[in-house]
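# Topology and contacts: notes
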Amino acid sequence: MNYTKQIQDIAAKLFAEGKIDVFVGYRMNGFDDNQVPVLITDPQDVSKLVFTDKSVFNLVNYLKSDHTRRKRVGLVVKGCDSRSLNLMLTESQVKRQNLYIIGIACEGVVDDAGQKMQNCTECVVPDAVVFDELLGGTLSGSLTLTGSKPYQVNADVTALAAMPLTERAAYFEEVFENCIRCNACRHSCPLCYCAKCCIDQETATLYNGANTTSSAFHALMTWSLHLAGRCVDCRNCEKACPSHLPLHLLHKQNESVIYENFQEHLAGVIPEDRGAFYKYSLKDPDDFIM
Amino acid sequence: MNFSTFVTDKAGLHKFYEDIMASHETFAPVEKFGKFDFKKVTSLSECDPESPIAKTLSIKPLFFPRSAKVMKYVATSSGTDVSETDEDHLAGNRVILGVKHCDARSLQVLDKVYNWDYIDTDYQKRRENTVIVSTRCDKAETHCFCTSLDYDVENLDALDVVVVNGTEGKIYIKARTEKGETFISGMNIDNRLSKNEWRKADDKTAGEIKTQYESFAGSFRLKMDYKEVNEKLSKIFDTPEFENVSGNCISCNTCAFVCPTCHCFKISDEKVKDTGVRYKSYDSCNNGYFTLMAGGHNPRPVKYRRWRQRAMHKFVYYKERFGVNLCVGCGKCTISCPVNISIFEVVNQVSAASMQE
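Cut-offs used in this document
- Residues numbered from 1 in each chain as written.
- Chains lettered and ligands numbered in written order.
- Predicted model: local features only at pLDDT ≥ 70, side-chain atom pairs only at ≥ 80, totals over all residues.
- Helix = DSSP H or I, 4+ residues; strand = E, 2+ residues; numbered from the N terminus.
- Rg over C-alpha atoms; globule rule 2.2 N^0.38 Å.
- Buried ≥ 20, exposed ≤ 12 C-beta atoms within 10 Å, placed from the backbone.
- Contact = placed C-beta atoms within 7 Å.
- Expected span 1.5 Å × (residues − 1).
- Pairing = 2+ DSSP bridges.
- Axes fitted to C-alpha atoms, helices over the stretch in contact; angles between N-to-C directions.
- Domains from an automatic or database assignment.
- Nonpolar A, V, L, I, M, F, W, Y, C, P; charged D, E, K, R; others polar.
- pLDDT = per-residue confidence, 0-100.
- Arc of directions from axis to C-beta.
- Core = buried A, V, L, I, M, F, W, Y, C linked by C-beta atoms within 7 Å.
- Parallel < 35°, antiparallel > 145°, perpendicular 65-115°, else oblique.
- Right-handed = clockwise from strand over helix to strand, strands pointing away.

## Thoughts on the overall build of chain B
On a plain count of helices and strands, chain B comes out with 12 helices and 12 strands. Against the 2.2 N^0.38 benchmark of 21 Å for 357 residues, chain B shows a C-alpha radius of gyration of 22 Å, consistent with a compact globule. Summarising its shape, the C-alpha atoms of chain B cover approximately 70 × 65 × 40 Å along the three principal directions. Across the 357 residues in chain B, those meeting the buried criterion constitute 44%. For chain B, the proportion of contacts with a sequence separation of at least 24, taken over those separated by at least 6, is 71%.

## A closer look at the overall build of chain A
Within chain A, the secondary structure is distributed over 9 helices and 6 strands. Expected size for 290 residues packed as a compact globule is a radius of gyration near 19 Å; at 19 Å, chain A falls within 12% of this value. By principal-axis analysis of the C-alpha atoms, chain A measures approximately 60 × 45 × 40 Å. Looking at the 290 residues of chain A, the share that counts as buried comes to 43%.

## Focus on helix α2 (residues 101-114) of chain B
With 14 residues, α2 of chain B ought to run about 20 Å at 1.5 Å a step, and its terminal C-alpha atoms sit 20 Å apart, in line with that. Within α2 of chain B the residues assigned to the buried category are His101, Cys102, Asp103, Ala104, Arg105, Ser106, Leu107, Val109 and Leu110 of chain B.

## Structural notes on the sheet that holds strand β9 (residues 171-175) of chain B
Residue and element names in this part refer to chain B. In spatial order, the strands read β3-β2-β6-β7-β8-β9-β1-β10; together these 8 strands make up an open sheet with mixed pairing. Lying at the two open borders of the sheet, with one neighbouring strand each, are β3 (35-41) and β10 (199-200). Across the sheet, helix α6 (residues 205-217) is in contact with β1 (5-8), β7 (130-136), β8 (161-165) and β9; its angle to β8 comes to roughly 70°.

## Examining the sheet that holds strand β12 (residues 275-282) of chain B
The pairing of strands in a sheet comes from backbone hydrogen bonds and takes either a parallel or an antiparallel form. Residues and elements named next belong to chain B. Overall, antiparallel pairing links the 4 strands, which are arranged β5-β4-β12-β11 in an open sheet. Edge positions in the sheet fall to β5 (79-83) and β11 (265-272), since each has one partner strand and no second. Between one strand axis and the next, the sheet turns through 25° on average, direction left out of account. Where strand β4 (residues 67-76) lies against β12, 7 bridges are found, and the strand directions are antiparallel. Residue serine 67 lies in a different strand from β12, and its bridge partner there is serine 281.

## Section: the domain arrangement of chain A
Residues and elements named next belong to chain A. Partitioning chain A into domains gives domain 1 (4-135) and domain 2 (155-261). In this structure, domain 1 and domain 2 have C-alpha centres spaced 25 Å apart. Counting from both sides, the interface comprises 15 residues of domain 1 and, opposite them, 11 residues of domain 2. Ranked by residue count, the leading element in the side of domain 1 that touches domain 2 is helix α2 (residues 79-90), at 6 residues. Taken together, the residues of the side of domain 1 that touches domain 2 break down into 7 nonpolar, 5 polar and 3 charged.

## Some points on the interface of chain A and chain B
Tallying the contact residues gives 36 residues for chain A and 32 residues for chain B. Elements represented by at least two residues in the side of chain A that touches chain B include exactly β2 (35-40), α6 (184-188) and α8 (236-240) of chain A. In terms of residue count, β2 of chain A provides more of the side of chain A that touches chain B than any other element does, 4 residues in total. Across the side of chain A that touches chain B, the residue classes tally to 14 nonpolar, 16 polar and 6 charged.

## With respect to the domain arrangement of chain B
Quoted interface sizes are often the accessible area lost when the parts come together. Residues and elements named next belong to chain B. If you check the domain split of chain B, you get domain 1 (5-217) and domain 2 (226-356). Each of domain 1 and domain 2 has a C-alpha centre, and these two points are 26 Å apart. Of all elements in the fold, only β4 and α2 reach the threshold of two or more residues within the side of domain 1 that touches domain 2. Per element, the largest residue contribution to the side of domain 1 that touches domain 2 is 9 residues, and it comes from β4. Within the side of domain 1 that touches domain 2, the residues separate by chemical class into 17 nonpolar, 6 polar and 10 charged.

## Quick notes on the confidence of the model for chain B
In the predicted model, chain B carries a mean pLDDT of 87, and 97% of its residues have values of at least 70. At the level of chain-chain contacts, confidence expressed as ipTM amounts to 0.87, with global pTM at 0.89.

## A closer look at helix α4 (residues 178-185) of chain B
The α-helix advances 3.6 residues per turn, and as a result positions three or four apart in sequence lie on the same side. Residue and element names in this part refer to chain B. Those residues of α4 that fall on the buried side of the exposure criterion are Gly180, Phe183 and Ile184. Looking straight down α4, one finds that the buried residues subtend no more than 95° of arc, so they occupy a single side. Opposite its buried face, α4 presents the exposed residues Glu178 and Ser185, each directed more than 90 degrees away. Elements that come into contact with the buried residues of α4 comprise β7, β8, β9 and α5 (189-194).

## Focus on the nonpolar core
Ranked by internal contacts, the top residues of the largest apolar core, which has 161 residues, are Leu75, Val77 and Ile101 of chain A together with Ile96, Val133 and Val347 of chain B. Other than its neighbours up to four places away in sequence, valine 133 of chain B contacts Val95, Ile96, Leu97, Val99, Asp160, Val161 and Val163 of chain B.

## Quick notes on unusual backbone geometry
We note that arginine 70 of chain A has phi near 55°; this positive angle belongs to a residue other than glycine. Relative to the assigned elements, arginine 70 of chain A resides in the loop between β3 (49-50) and β4 (73-77). The backbone of serine 251 of chain B sits at a positive phi, close to 50°, despite the residue not being glycine. Structurally, serine 251 of chain B can be placed in the loop between α8 (241-245) and α9 (254-258).

## Overview of the confidence of the model for chain A
In the predicted model, chain A carries a mean pLDDT of 86, and 92% of its residues have values of at least 70. Here residues 141-146 of chain A is a poorly scored stretch, pLDDT under 50, and it has 10 contacts once near neighbours within four places are set aside; other chains count.

## Examining the packing of helix α7 (residues 226-235) of chain B against helix α10 (residues 303-322) of chain B
Residues and elements named next belong to chain B. Two numbers describe how α7 lies on α10: the axes approach to 9 Å, and their chain directions differ by 100°. When the axes of α7 and α10 are compared, the pair comes out roughly perpendicular. Contacts between α7 and α10 pair Val229, Asn230, Leu233 and Ser234 from the former with Ala311, Met312, Phe315, Val316 and Lys319 from the latter. Split by residue class, the contact of α7 with α10 holds 6 nonpolar, 2 polar and 1 charged.

## Overview of the environment of arginine 94 of chain B
Residues and elements named next belong to chain B. Note on placement: arginine 94 falls in strand β6 (residues 94-100). Along the sequence, arginine 94 and aspartate 269 sit 175 residues apart, while their C-alpha atoms lie 30 Å from each other. Not counting chain neighbours up to four residues away, the residues in contact with arginine 94 comprise His24, Glu25, Thr26, Phe27, Asn129 and Thr130.

## Comments concerning the pairing of β4 of chain A
All names here are of chain A. For β4, the tally of buried residues reaches 5 of 5 residues, placing the bulk of the element in the interior. The alternating pattern of β4 places Val73, Leu75 and Val77 on one face and Gly74 and Val76 on the opposite face, and all of these are buried. Here strand β1 (residues 22-28) pairs with β4 via 3 bridges, running parallel. The residue of β4 that forms the bridge with phenylalanine 23 is glycine 74. Of the pairings in the sheet, the one linking β4 to strand β5 (residues 99-104) comprises 5 bridges and is parallel in character. Note that in β5 the partner of glycine 74 across the bridge is tyrosine 100. Read from β4 through α2 to β5, the crossover connection turns out right-handed.

Okay, structure coming up:
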């Protein structure tokens, strides 16, 4: 998977035609094969752009940034990234007419060790679902809700569900104990765009900013519940976590519950889809209501 | 003052570590989820004092806890009663094993600010009670640049006891402070020497330690002249380059939380009805709420100004006030950064931009 040339050409054309103010893509970090996100405003820098299977970070995060606000932005999105972009559009965080989106028919990205990332091996929507131009793959135009591959419950979630309750509790206690409350997971998430997050409220003493196991528990659980039915499994949070916590467990658990109970709903796949918790359907289960 | 040096091998070193664990409260890197954090240990099997630098968090939390209870309070009809917390979070006598050279240096840097206008007695007490056994690395990691900064890695300008891996399986143990000397002599030296586990340093030892340093110093990818960076940065407060280099920062705070020298903190209360506990925990200058005042004014309302604060505090302000850089070149921030921003690259890019102007 290498779309470096195409992306450079498209970005150069967009700048030449005056269609964008800033282009968000990836560049090489200059010494090994890892990449750094880059915000380009000078058309001369277009030659720095690259796109390979090391282009891991979800760039939709930068639509929250001061550098892109109220500007016309060119942006590269993979399948999962495009789903989060879809949600940003549906939730009125960005205007579609301000964006020029280069979608990628993604073949999966790799981690630092060169292994294909777990979310990529399980990915059911690898092609970008919202784009002005799609690179790779064929223009399908008729996406089904579940994409091209059948949905599978995450392997780690399945393994965890098989554990006895006490063991599972001990495992998660360890996770929360190792959290250092830096909130990098929240900041790296493209969908955590609240101007003032509830876990930063001075009055919310549950979260209180102090690094205790209980505050980590409350902060992470609240965070994961706010992303239930919205998380697109891009794993920005896990990449950002300095303690390498398995944060995907929280999200994938929610995702599988929602998939099962809300008519096979997957976040952000269909444009204008308001998400599992925003719509009402007669088919929604009500057997848990007493 | 002359401090003693001993020569041993891996088995002798591990025996030394085991003996420390048996007789002292010991902290060492323990692996969890692929990252090493310093935790209390009782045997060598639980921990890895030779943990890789790229995967090890700093020892800062053992001196400046991620969350320290400052006090507790009860509001009564006649006023508020303030008391010490009943939990004594100050350390007793303890030893930290497997500390990296840069990490040990960070404490020397932090000592300056903690002994400045307000004397932080909690920090002082923890420092006094702790013996640090630090290791000089054999090879630099991708983002390391400790040899480019203002401390003497060659002469092992680090804390208490220093361990250096030599060639042919030799390991050198060297005291670097009086505290370290006292600590080593309290560890049954004569017994170790008579059993031939340890040997006294001979006239070749100094040369062998120097050879190790040379091969270590040769493995660095990153090299800079910190004096040049200090000088150039101090003159370019208003350069637009800060806006360029901070463009892809996502303000996630990770760098400050993992940094061994960052020491900004915030105060928060955990209260239930009329009683509460006050905590002191880490803050980060990348945070949008950093220096936000009660009236709503923030002197650093945008990202590049917060990034400028970060770079300038590390390489200009601290240097001007205390004579040392607030960066030890450990590369922890760069390793943890989700978008791979390197502080080395940032300060050098900004300094280079000042040359063009």
